Structure formats: C-alpha cells, structure tokens
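Here are the chains, one letter per residue:
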Amino acid sequence: MAHANAGSEAQTAKIPTPSKVHTQSTRILLLGALGVVYGDIGTSPIYAFREALHASAGGSFVTREDILGVLSL
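None of the values given here were measured: they were computed from a predicted structure.

Quick notes on the rules
Per-chain numbering applies: the sequence of each chain, read as written, is numbered from 1 onward. Whole-chain, interface and lining totals are the exception, using all residues; otherwise, since this is a predicted model, local features are given only for residues with pLDDT of at least 70 and side-chain atom pairs are given and counted only at 80 or more. The side-chain quantities take in all heavy atoms of the structure and omit both hydrogens and water. Secondary structure elements are defined from DSSP: runs of H or I of at least 4 residues count as helices, runs of E of at least 2 residues count as strands, and each element is numbered from the N terminus. For every residue, the accessible area (1.4 Å probe, protein chains only) is compared with the maximum for its type, and the residue is labelled buried under 20%, exposed over 50%, or partly exposed between those bounds. This count recognises Lys and Arg as positive and Asp and Glu as negative, with His and chain-terminal groups excluded. Criterion for a salt bridge: a side-chain nitrogen of Lys or Arg within 4 Å of a carboxyl oxygen of Asp or Glu. Two residues form a contact once any of their heavy atoms are found within 4.5 Å. pLDDT runs from 0 to 100 and stands for how confident the predictor is about each residue. The patches reported here contain residues having more than 30% relative accessible area and no salt bridge. Joining distances are 9 Å for like charges and 5 Å for nonpolar side chains (Val, Leu, Ile, Met, Phe, Trp, Tyr). Residue-level accessible areas treat just the shown protein chains as cover; the underlying method is Shrake-Rupley with a 1.4 Å probe.

Re the overall build of the chain
- Broken down by element type, the chain carries three helices and zero strands.
- Each helix and strand of the chain, placed in order from N terminus to C terminus, yields the pattern α-α-α.
- Taking all 73 residues of the chain together, the buried fraction comes to 5%.

Below, the structure written as structure tokens:
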C-alpha cells in the first residue's frame, strides 16, 4: 500500500515572485507607454493649430483675423 499513498499526497506549488529587475522594468515600460499616449494627445492640437494657420495665411503673414478664425474652430 505504500505505492498507493505516494501519489495522493498534496504538494505545495511554489509560485515564483517577480524579481526587482522585472518589476522595475515593467514600471518603466508602463510609464513610457503612458507618455506616448498622453504626450501625443497633448501635442496634436499644437501641430494642428500651426498647420491651420499656415493654410489660412496662404503664404503671407498671419493676421489677427487668421488667428481668431483658427481659434474659433
């Protein structure tokens, strides 16, 4: 009967804990991803505003009316 009991004993599984390096690199990647997403959202209106001013000026100097017109969009 020794053979029947050998496989029935429950063994505790050891769950590996993440190393400090793994945890730190994950945090850095997460911060970088957030920077890309929110950085793009924050700077896109600036570039759109600049391009709209270039288009409204038509190659000449930008006037006050051009600026107010683009801002009203």
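Quick word on the side chain of Asp 66
- Here Asp 66 is to be found in helix α3 (residues 64–72).
- Notably, Asp 66 is buried but unbridged: the nearest opposite-charge side chain belongs to Arg 64, and the N-O separation is 11 Å.
- The contacts of Asp 66, once residues within four sequence positions are left out, are Leu 53, Ser 56, Ala 57 and Phe 61.

Some thoughts on the pattern of salt bridges
- By the definition in use, this model includes one salt bridge.
- Among the salt bridges present, the one from Arg 50 reaches Glu 51, with a minimum N-O distance of 3.6 Å.

With respect to the confidence of the model for the chain
- For the chain, the average pLDDT comes to 77, and 81% of its residues sit at 70 or higher.
- Least confident of the elements in the chain is helix α1 (residues 2–6), whose mean pLDDT is 54; most confident is α3, at 88.

Points about the environment of Val 70
- Here Val 70 is to be found in helix α3.
- With a relative accessible area of 12%, Val 70 lands in the buried category.
- As for Val 70 and Phe 49, which are separated by 21 residues in sequence, their C-alpha atoms are 7.0 Å apart.

Brief notes about a nonpolar patch on the surface
- On the surface, Leu 30, Leu 34, Val 37, Tyr 38 and Ile 41 cluster together into a nonpolar patch covering about 520 Å² of accessible area.
- Looking at the element boundaries, Tyr 38 is found in helix α2 (residues 20–57).

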